[in-house]
Each structure stands twice: as structure tokens, then as C-alpha cells.
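# Remarks on the overall topology
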Amino acid sequence: MSAAVITGPARVAGNLFAFALDVMVALFRRPFQLKEFLVQAWFIVKVTIVPTAFVAIPFGAVIALQTGGLIKQFGAQSFTGSAAVLAVVQQAGPIATALLIAGAAGSAIAADFGARRIREELDAMMVLGIDPIQRLVVPRVLACMLVALFLNGLVTVVGVIGGYVFNVVLQDGTPGAYVSSFSALAQLPDLYQGMIKALIFGFLAAIVASYKGMNAKGGPKGVGDAVNEAVVITFTLLFIVNFVLTAVYIQLVPPKGM
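- An unreviewed UniProt entry lists the protein under the name ABC transporter permease, from Aeromicrobium wangtongii.

What follows is the structure, encoded as C-alpha cells:
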């Protein structure tokens with residue numbers, strides 16, 4: 001096994017980290033490409049809003065059914081609302097949003113940049129003294145973060161409503177117990193956690209998609225490979241980062257009532 005094969009993943013991770021730093025530095029450069037940002041934000045909304053709405057309903061329903069069945073075995077049906085809602089707010093909402101952003105918007109970004117790469121448009125921009133990161137990447141990153149934040153709110157609201165309906169209709173729960181248990185155990189930092197996760201996940205999805213697209217090689221096949229790799233890498237990073245953020249949150253914010 002050659003040294004290049006062994007060090008390849010580490011080199012890619014280092015280049016991706018360096019690319020993310022370049023993007024963060026470019027966030028504060030002017031002029032800001034407002035028109036490109038609005039165009040990309042509207043495009044991301046169009047390709048994700050409907051799937052997000054449909055995915056949020058089964059997410060909330062499944063969580064309500066699973067947590068309701070488990071809690072019922074312990075004789076604590078009155079806490080079903082808090083368990084289901086907190087699961088949606090803290091975990092299901094941000095993760096569902098991130099998967100849709102990465103799968104729909106991320107793949108489109110990677111394909112766009114890959115096509116520009118093989119047509120040498122990015123090289124032409126650099127020859128003209130235009131920074132592709134500032135001109136093209138930064139608006140897409142900010143658009144993904146903004147849309148991810150709003151989609152997370154949509155998933156949370158729809159998921160909570162869906163969980164409420166399925167708990168009351170299918171599990172013979174009472175509306176009062178569902179709402180009172182949620183208000184008794186939930187706290188405002190739980191909502192902040194979901195919002196911060198959505199912003200970070202949107203940032204990661206856009207960064208990975210932009211990096212893989214701008215480094216595509218080998219013609220149209222290379223563009224397709226870059227899109228596939230971007231989606232797979234983003235999914236992997238999302239679950240790793242979600243675990244880290246959840247662990248940090250549990251340590252910093254104690255449960256309500258403790």
C-alpha cells in the first residue's frame with residue numbers, strides 16, 4: 001500500500017478545513033454579493049420546502065409513536081409530550097433539515113461548481129482577479145445557513161403538531177397532559193440548540209458541496225463523482241457533529257428541574 005493511499009484521507013480533510021477557513025475569512029470581505037445570495041436562497045427554498053414539509057410529518061409521528069409506546073411500558077404516559085417534543089426540537093428537526101439541505105441544495109451546488117470547473121470558468125475568474133470563494137461560495141454558504149434555520153423551524157412546528165395528533169388519536173393520550181408535560185420539562189435553550197445545529201449543518205453542507213464541486217476532475221463523470229462524494233461526506237459529518245454538539249449541550253445545560 002502506497003503512502004499516497006494512506007495519507008489521502010488526511011490530505012482531503014486538511015484541504016477541506018483550509019477551504020472552510022478561507023470561506024470564513026471571505027465572509028467579511030466586501031462587496032457582498034447580495035443578488036447572488038438572494039437568488040441562491042430562493043433556489044434552495046424551492047427545492048427543499050415541499051420535501052421538508054412532507055418529511056416533517058412522519059418524523060413527528062414516528063417519534064411520538066416510539067416514545068409513547070416506550071414510556072407507556074414504564075407507566076409514565078403523562079411525559080409523552082415532553083419526550084416527543086424535545087426529541088423533535090433537539091434532534092429530529094435539525095437532522096431532517098440538514099439531510100434535505102445536503103441532498104437537494106448540496107448536490108445542486110456541487111454540480112454547479114463541478115460544471116464550472118470542467119469548463120474552466122473558475123480559472124478564468126481568477127485570471128480576471130475575481131475570487132471565486134467571495135463571489136460564488138460565500139453567497140451559497142450564507143443562503144444554506146439562512147434557509148436551514150427557517151426549515152428547521154418548519155420541521156419543528158410540523159413535527160410537534162404531527163406528534164400531538166398521533167399521540168392523541170392513536171395512543172389515547174390527552175391534549176392537556178401532552179401540553180403540560182412539554183411546558184414542564186422544556187426550556188428555551190432546547191430551542192436555541194436546534195437553531196444552532198441548523199446553522200452549523202447548513203454551513204457544513206454548503207462547504208463540503210462547494211469544495212468537492214470546485215475540485216472536480218475528469219469531465220462529466222468527475223462532476224457526478226463529486227456530487228456523490230459531497231452528499232456522503234456531508235451525511236457523515238452531520239452525524240459526527242450532531243453527537244459532539246449534543247454531548248456539549250448536555251454538559252453545559254442541565255435538564256430543567258435539576
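Having seen the structure, we can now continue with the description.
### Some remarks on the overall build of the protein
- Helices and strands together make up the secondary structure of the protein, namely eight helices and zero strands.
- Within the protein, the fraction of its 258 residues that count as buried is 41%.
- Within the protein, residue pairs in contact and separated by at least 24 positions form 86% of the contacts whose partners lie at least 6 positions apart.
- Entry remark: accessible area of the protein is about 13200 Å², with carbon and sulfur atoms responsible for 74%.

### Thoughts on the environment of Leu 199
- Within the secondary structure, Leu 199 is located in helix α7 (residues 188-214).
- Given a relative accessible area of 31%, Leu 199 falls into the partly exposed group.
- Here the alpha-carbon distance between Leu 199 and Leu 142, two residues 57 residues apart in the chain, equals 9.3 Å.

### Details of a nonpolar patch on the surface
- Residues Leu 188, Leu 191, Tyr 192, Met 195 and Ile 196 make up a contiguous nonpolar surface patch of roughly 450 Å² in combined accessible area.
- Mapped onto the secondary structure, Ile 196 falls in helix α7.

### Digging into the packing of aromatic side chains
- One pass over the structure, following the stated rule, counts two aromatic pairs.
- Considering the side-chain rings of Phe 32 and Phe 37, the 5.9 Å spacing of their centres and the 50° angle between planes classify their relative orientation as tilted.
- You can call Phe 32 partly exposed: its relative accessible area is 31%.
- Residue classification places Phe 37 among the buried residues on the basis of a relative accessible area of 13%.

Parameters at a glance
- Residues numbered from 1 in each chain as written.
- Predicted model: local features only at pLDDT ≥ 70, side-chain atom pairs only at ≥ 80, totals over all residues.
- Heavy atoms only, no water.
- Helix = DSSP H or I, 4+ residues; strand = E, 2+ residues; numbered from the N terminus.
- Buried < 20%, exposed > 50% of the residue type's maximum accessible area, 1.4 Å probe, protein only.
- Contact = heavy atoms within 4.5 Å.
- Areas by Shrake-Rupley, 256 points an atom, 1.4 Å probe, with all protein chains shown as cover.
- Patch = residues over 30% accessible without salt bridge, like charges linked within 9 Å, V, L, I, M, F, W, Y side chains within 5 Å.
- Salt bridge = Lys/Arg side-chain N within 4 Å of Asp/Glu carboxyl O.
- Phe/Tyr/Trp six-rings, centres within 6.5 Å; stacked < 30°, edge-to-face > 60°.

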